[in-house]
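Chain residues, written in single-letter form:
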Amino acid sequence: MYLCRTFKNQFTSQKAPSSLKNTFQAGILLWWLIRYVTYQKKTVLGGLMKKLKRQDLFCTKCYLNGEWADAADKSTLNVDNPATGEILGTVPNCKTKETKKVIDDAHTAFKIWKKLTPKERGAYLVKWYNLIEENKEDLARILTLEQGKPIAESLGEIALGNSYMTWFAEEGKRAYGQTIPAPRPGIRPITYQKPVGVVFAITPWNFPISLVLRKIAPALAAGCTIVVKPAGITPFSAIALFKLAEEAGIPKGVVNIITGNAKVIGEEVCTNPKVRKISFTGSTPVGKAIMAKATCTMKRFSMELGGNAPFVMFDDANMDHAINCAIGSKFRNAGQTCVSTNRFIIQKGICDKFIATYKEQFPSLVVAEGTDPSSIIGPLVNQEALDNIESLVADAVAKGAKIVLGGKKHALGGLFFEPTLILGMTKEMRIYKEEIFGPIAAIMTFETEEEAIELANDTEFGLASYLMTTDLGRAWRVAESLEYGLVGINDAGLALCEAPFGGVKESGMGKEGAHEGLLDYMETRYALMGGIGA
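Residues numbered from 1 in each chain as written. Predicted model: local features only at pLDDT ≥ 70, side-chain atom pairs only at ≥ 80, totals over all residues. Heavy atoms only, no water.

1. Observations regarding the layout of surface pockets
Part 1 of the argument: Quantified by volume, the largest pocket comes out at close to 1,200 Å³.
Part 2 of the argument: Lining the largest pocket are 41 residues, with Trp205, Phe280, Gly282, Ser283 and Val286 positioned closest to its centre.
Part 3 of the argument: Only helix 9 (262–271), strand 10 (275–281), helix 10 (284–294) and helix 13 (383–398) provide two or more residues apiece to the lining of the largest pocket.
Part 4 of the argument: Residue classes in the lining of the largest pocket are distributed as 22 nonpolar, eleven polar and eight charged.
Part 5 of the argument: Space inside the second largest pocket adds up to approximately 290 Å³.
Part 6 of the argument: Phe207, Arg332, Thr337, Val339 and Ala495 are the residues nearest the centre of the second largest pocket, which is lined by 21 residues in total. (1 Å grid on protein atoms, 1.4 Å probe; cavity = no way out; pocket = protein on both sides within 12 Å on 5 of 7 lines; lining within 4 Å. Points joined across faces, edges and corners; volume = space filled by probe spheres on them. Helix = DSSP H or I, 4+ residues; strand = E, 2+ residues; numbered from the N terminus. Nonpolar A, V, L, I, M, F, W, Y, C, P; charged D, E, K, R; others polar.)

2. Comments concerning the pairing of strand 4 (residues 87–92)
Part 1 of the argument: Across five bridges, strand 3 (residues 76–80) lies against strand 4 in antiparallel orientation. Looking at strand 4, one finds that Leu77 is bridged to Val91. (Pairing = 2+ DSSP bridges.)

3. Some points on helix 7 (residues 210–222)
Along an α-helix, residues three or four positions apart point the same way, because every turn accommodates 3.6 residues.
Part 1 of the argument: Here helix 7 contains 13 residues, and its C-alpha end-to-end distance of 19 Å stays within 8% of the 18 Å for a straight helix at 1.5 Å per residue.
Part 2 of the argument: With 13 of 13 residues buried, helix 7 is to be regarded as a mostly interior element. (Expected span 1.5 Å × (residues − 1). Buried < 20%, exposed > 50% of the residue type's maximum accessible area, 1.4 Å probe, protein only.)

4. A word on the nonpolar core
Part 1 of the argument: The biggest cluster of nonpolar side chains holds 73 residues, and the ones touching the most others in it are Met313, Phe354 and Tyr358.
Part 2 of the argument: Element by element, the count of residues in this core is highest for helix 11 (residues 319–331), at seven residues.
Part 3 of the argument: Not counting residues within four places of it along the chain, the set of residues in contact with Met313 comprises Met319, Ala322, Ile345, Ile346, Gln347, Ile350, Phe354, Phe446 and Met468.
Part 4 of the argument: Listed in part, the 56 residues of the second largest apolar core include Tyr63, Ile132, Ala169 and Val228. (Core = buried A, V, L, I, M, F, W, Y, C linked by side-chain atoms within 4.5 Å. Contact = heavy atoms within 4.5 Å.)

5. Quick look at the pattern of salt bridges
Part 1 of the argument: Counted by the stated rule, this structure contains 26 salt bridges.
Part 2 of the argument: Two residues, Glu418 and Lys408, come together in a salt bridge whose shortest N-O distance is 3.2 Å. In this pair, Glu418 is assigned in the loop between strand 14 (402–405) and strand 15 (420–423) and Lys408 in the loop between strand 14 and strand 15, connecting sequence segments ten residues apart.
Part 3 of the argument: Between Asp458 and Lys427 there is a salt bridge, with its nearest N and O atoms 3.9 Å apart. Note that Asp458 is positioned in the loop between helix 15 (449–456) and strand 17 (464–468) and Lys427 in the loop between strand 15 and helix 14 (430–433), a separation of 31 residues in sequence.
Part 4 of the argument: You can call Asp458 partly exposed: its relative accessible area is 33%. (Salt bridge = Lys/Arg side-chain N within 4 Å of Asp/Glu carboxyl O.)

6. A word on the packing of aromatic side chains
Part 1 of the argument: One pass over the structure, following the stated rule, counts 17 aromatic pairs.
Part 2 of the argument: Aromatic pair Tyr164 and Phe168: ring centres 6.4 Å apart, planes at 15°, arrangement stacked. Note that Tyr164 and Phe168 are positioned in helix 6 (residues 151–171) at a spacing of four residues, about one turn of the helix.
Part 3 of the argument: On the accessibility criterion, Phe168 (0% relative accessible area) is buried.
Part 4 of the argument: Aromatic ring contacts, followed pair by pair, group Phe311, Phe331, Phe344, Phe354, Tyr358, Phe362 and Tyr466 into a single cluster.
Part 5 of the argument: Lying across the ring of Tyr432, Arg343 places its NZ or CZ 5.1 Å from the centre. (Phe/Tyr/Trp six-rings, centres within 6.5 Å; stacked < 30°, edge-to-face > 60°. Lys NZ or Arg CZ within 6 Å of the ring centre and 35° of its normal.)

Shown next, in the form of structure tokens:
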């Protein structure tokens, strides 16, 4: 730090060096400054490496056609720890050249991979699953350091993501076709399933392991090859998965991971005819832009986009159980999930009791770095995320909302924000209309079942929703009236490998998980067999 101060003082002083001697001295200081900053970066990286059982899982390269590679021009992008602001490391800043080549290589590998039997492909997934399970502690640490969520949540994410591996390893064997009753003598109409081809998967920063595996598992089981582009701010945990894929012996070119300029890479992906499917999880505007750009090559799409989840609670609900669901559905990953409750819509007669009981839980929501065992809520992912929720709170207050708890940056500083409870949400406020993506619980009331349904559906989004009631008839009526792809009835744990996950309206298209998730990576072919004399 002395060198830093000296360098700054020399070049901010009114007596800045002008002679050759002083210029040389300044150059020496600059050289030492660069060395100091480089040393600091290596120290952070070294600290991470020392705490991993397997240091090789922290990798700063791309996995392209079975080789670990840098960008062609050697350029890199920094990756920060959101809890501290420290640089964890760098990843390659790949562009068009590398993207085109890896797509070509995946296309070549597809010709061989698709010919394996479902059982053979499933065996590779099981090997990969076992390696992930064996190394989950290291994977969780990498995930927490780059994303910020508590270690316990990281371990839970890995368990969920890995469940898709073994499930699709078996489901790949059940991609059945049909024998269709013949409409006339002498023919047999049949259908069968074929893999779509090369898949390009674009994954978000909030679940950088589970969403990678949720796309890879059905793609490989179906017989596709895949290229993954992880979010630029959370690439290391995804790259670590590919270290284990290599160890599992998956043939080269079948699974690939590329990092770099999203716009440049996306341009090539959308226009390259060898990419037959794009699977994207992210915001609705970006999803729409990808689809518009890619229509020229008539690709298949899976799109899991934005949400605005309502939490509808009726006066007959079990209060304690509903409170548990309200905590989990709101504060998991600091509220940074696509299925987080965005609007609490509580029946008027029980709202005061709900608020009083909900408030009692807030002291247990410990805000701390994700590596702290006591942490329940970690930091927001970056400054943009923090600025957004601060502006959402300010807008709500300006329009009449009341902050009961929280409402500002946490005392820890940085990207930490207090768990926040806001009353008096109205339709005019941004928190009613926009996806919050932060630890803010905003509450409004309703009186009748019809009003609750109207409020819940009053959004262009349709991903997740929650319904709390003990009335069986109401559960059926309201759930079927909610315009959402997912409805959690007295439960907030929506994601299951056995169940289809996906939204309606502007929350996207396609399904991940379940048999529907497998078929999203396959095409139905039809053949008419004639002349069989039957």
